[in-house]
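Secondary and tertiary structure notes
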Amino acid sequence: REMQADAEVATDALVRADVSDLATDVSVFGNDLLCYYDPESQQVREAAKRAGDIFDMDADAPDDLEGASVDELDDDDIPEIKDALTDLITAAIVEWNGQRWSDMDAGTRDAIAATIQQPTDSDGWGVAGLMDAFVEIYVTVEDNRNERLERIQKFRNEERRGDR
């Protein structure tokens, strides 16, 4: 009877998930970002597919980016890849220079996205900078994720009965 009462209480539990708890600090062109990306996010998946189509690579295998080069892009593809990379970057941002991304008004977020797409001589990041920023964010977030998983694996041994 106690177990049943506990089970009923457990169904009333509220789960909170704040990605900032899992996010990673990344500095990109002097901007301090807090980043996390969810590979199940529709924004991430769609942007990765668009970038993959342009670079002719598998969007589900981000390691393929090693072969991608902005130098090989056709001029006609540059606006599309800028949009895809900007979507990948903005999907990962939790905070921009200390301000929560989701708390910014849409106009501010759009202005940041438009500015980073500008060429470097116009104070933007340009296509190469967008690629570098995305790779930096991706690598840093993945390194942080792997580090957390390694810490968990340390507790999974016979002595600690982690694998049953």
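Below: a short report on this structure. (Residues numbered from 1 in each chain as written. Predicted model: local features only at pLDDT ≥ 70, side-chain atom pairs only at ≥ 80, totals over all residues. Heavy atoms only, no water.)

General note: in soluble globular proteins, nonpolar side chains tend to be found buried as a group. Ile81, Ile89, Trp96, Trp125 and Ile137 are the most contacted members of the largest nonpolar core, which totals 35 residues. Mapped by element, the contributors of at least two residues to this core are strand E1 (24-28), strand E2 (31-35), helix H2 (42-55), helix H3 (78-92), strand E3 (93-96), helix H4 (106-117) and helix H5 (126-153). Looking at this core, the element that brings in the most residues is H5, giving eight residues. Trp125 has contacts with Val28, Phe29, Asn31, Ile89, Trp96, Thr115, Ile116, Gln118, Thr120, Leu130 and Ala133, leaving out every residue within four places of it along the chain. (Core = buried A, V, L, I, M, F, W, Y, C linked by side-chain atoms within 4.5 Å. Buried < 20%, exposed > 50% of the residue type's maximum accessible area, 1.4 Å probe, protein only. Helix = DSSP H or I, 4+ residues; strand = E, 2+ residues; numbered from the N terminus. Contact = heavy atoms within 4.5 Å.)

Enumeration over the complete set of coordinates arrives at five aromatic pairs. For the pair Trp96 and Trp125, a centre-to-centre distance of 6.1 Å together with 20° between the ring planes defines the contact as stacked. Linking Trp96 in strand E3 with Trp125 in the loop between H4 and H5, this pair joins segments that are 29 residues apart in sequence. As far as the burial class goes, Trp96 and Trp125 line up, both buried. What links up through ring pairs into an aromatic cluster is the set Phe29, Trp96, Trp101 and Trp125. (Phe/Tyr/Trp six-rings, centres within 6.5 Å; stacked < 30°, edge-to-face > 60°.)

Bridge count for E2 against E3 is three bridges, and the pairing is antiparallel. Counted as the bridge partner of Leu34 is Glu95 from E3. Relative to strand E4 (residues 99-100), E3 is paired through two bridges, and the arrangement is antiparallel. From the neighbouring strand, Trp96 faces E4, where its bridge partner is Gln99. Where E3 folds back on E4, the antiparallel hairpin that results is connected by two residues, among which Asn97 adopts a positive phi of roughly 50°. (Pairing = 2+ DSSP bridges.)

Moving on: the pairing of E2. Two faces belong to every sheet, and in a regular strand the side chains alternate between them. Burial analysis of E2 places four of its five residues in the buried class, the great majority of the element. Pairing of E1 with E2, which is carried by five bridges, proceeds in the antiparallel orientation. Paired with Val26 across the strands is Leu33, a residue of E2. Between E1 and E2, which pair antiparallel and follow one another directly, the connecting turn spans two residues, one of which, Phe29, has a positive phi of 50°.

A few words on the pattern of salt bridges. Evaluated as defined, the whole model comprises four salt bridges. As a salt-bridge pair, Glu142 and Arg145 come within 2.7 Å of each other at their nearest N and O atoms. Remark: Arg145 and Glu142 occur in helix H5; sequence separation between them is three residues, near one turn of the helix. The class of Glu142 is buried, set by a relative accessible area of 18%. (Salt bridge = Lys/Arg side-chain N within 4 Å of Asp/Glu carboxyl O.)

Our next topic: the sheet that holds E2. Here we have four strands laid out as an open sheet, ordered E1-E2-E3-E4, and antiparallel in their pairing. Bordering the open sheet on either side are E1 and E4, each of which pairs with just one other strand. Strands E2 and E3 of the sheet are contacted by H3, whose axis makes an angle of about 80° with E3. Relative to the sheet, H5 contacts E1 and E2, its axis offset from that of E1 by approximately 160°. (Axes fitted to C-alpha atoms, helices over the stretch in contact; angles between N-to-C directions.)

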